[in-house]
Amino acid sequence: MRNIALYFLIAGIIILAFFAASPSLPVTGKYKFFTVNSGSMSPKIPKGSLILDKEEKNYSIGDVITARIPGNKFTVTHRIVETGMQGSSEYYRVKGDANDAPDQDLIFRSYVIGKVIFSVPLLGFPVSFAQTLTGLIILIVIPGTVIVYSELLNIKNEVKRLIQEKRNEKDSN
């Protein structure tokens, strides 16, 4: 039973670490995970949701997209309410479902990361926490240390057992 709990702990740590690191990792297939940090897309995508974005060739009115505006470290996940061209650049005007008015900034095609294809409410909270230093220590480092310590104890016990077997074998001869 203890080993099963340990395996679940290891699997949980790996999954959480993947979700925490995935926004900054290049993932094949143009998929990326993000967490929603505001309620602007409520009720469809509530604050604390984990979303999966997929890069598409085209985006249209009604699509929920995630974009990173240059100079802003945060991403924006809002619905496209208008499309157009400014010079030779395609742009999107976006709006949060819970907002009264569209965003002031235009989202140019080059800013778009992808279209939201999936969301899981509440799963973004532990992922966001894991991305902080405190979260990294509590959710990754401490459990990882416990796992390593447990395995070192297992190795120590196995070595003791092997030494005892050799002694017993030697005494019986």
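In the block above lies the structure referred to throughout.
To keep things clear, this report deals only with the structure shown in the data block. Please read all numbers here as calculations on a predicted model, not as lab measurements.

### Observations concerning the side chain of Asp 53
Looking at where Asp 53 falls in the secondary structure, it is placed in strand β2 (residues 50-54). Arg 68 is the oppositely charged side chain nearest to the buried, salt-bridge-free Asp 53, at an N-O distance of 8.9 Å. A distance of 2.5 Å separates polar atoms of two side chains, one belonging to Asp 53 and the other to Thr 66. Separated by 3.4 Å, the side chain of Asp 53 and the backbone nitrogen of Val 116 make a polar contact. Among residues more than four places away in sequence, those in contact with Asp 53 are Lys 30, Tyr 31, Lys 32, Phe 34, Thr 66, Gly 114, Lys 115 and Val 116.

### With respect to the packing of aromatic side chains
For the structure on display, the rule yields two aromatic pairs. With centroids separated by 6.1 Å and ring planes inclined at 85 degrees, the aromatic side chains of Tyr 59 and Tyr 92 adopt a geometry described as edge-to-face. Placement of the pair is Tyr 59 in the loop between β2 and β3 (64-68) and Tyr 92 in strand β5 (residues 89-95), with a sequence separation of 33 residues. Accessibility assignment for this pair places Tyr 59 and Tyr 92 in one class, buried.

Reading guide: rules and limits
Along each chain, residue indices are assigned from 1 in the same order as the chain's sequence is written. With pLDDT at 70 or above as the cut-off, local features in this predicted model cover only qualifying residues; side-chain atom pairs require 80 or more to be listed or tallied, and sums for whole chains, interfaces and linings still use all residues. Excluded from the side-chain calculations are hydrogens and water; all other atoms, namely the structure's heavy atoms, are used. Think of it this way: any DSSP run of H or I at least four residues long counts as a helix, any run of E at least two long counts as a strand, and we number them from the N terminus. The classification of residues rests on relative accessible area computed with a 1.4 Å probe and restricted to protein chains. Under 20% of the type maximum is buried, over 50% is exposed, and intermediate values are partly exposed. Positive charge is attributed to Lys and Arg, negative charge to Asp and Glu, and no charge count is given to His or to the chain ends. Between Lys or Arg on one side and Asp or Glu on the other, a salt bridge is scored when a side-chain nitrogen of the former is within 4 Å of a carboxyl oxygen of the latter. The term polar contact refers here to a pair of N or O atoms within 3.5 Å; inside protein, the definition further demands a hydrogen-donor-capable atom paired with an acceptor-capable atom, and it admits residues adjacent in sequence only when both atoms are side-chain atoms. Should any heavy atoms of two residues lie within 4.5 Å, those residues are considered in contact. Here the aromatic set is Phe, Tyr and Trp, taking the six-membered ring for Trp, and pairing holds for ring centres within 6.5 Å; pairs whose planes are under 30 degrees apart are stacked, those over 60 apart are edge-to-face, and all others are tilted.

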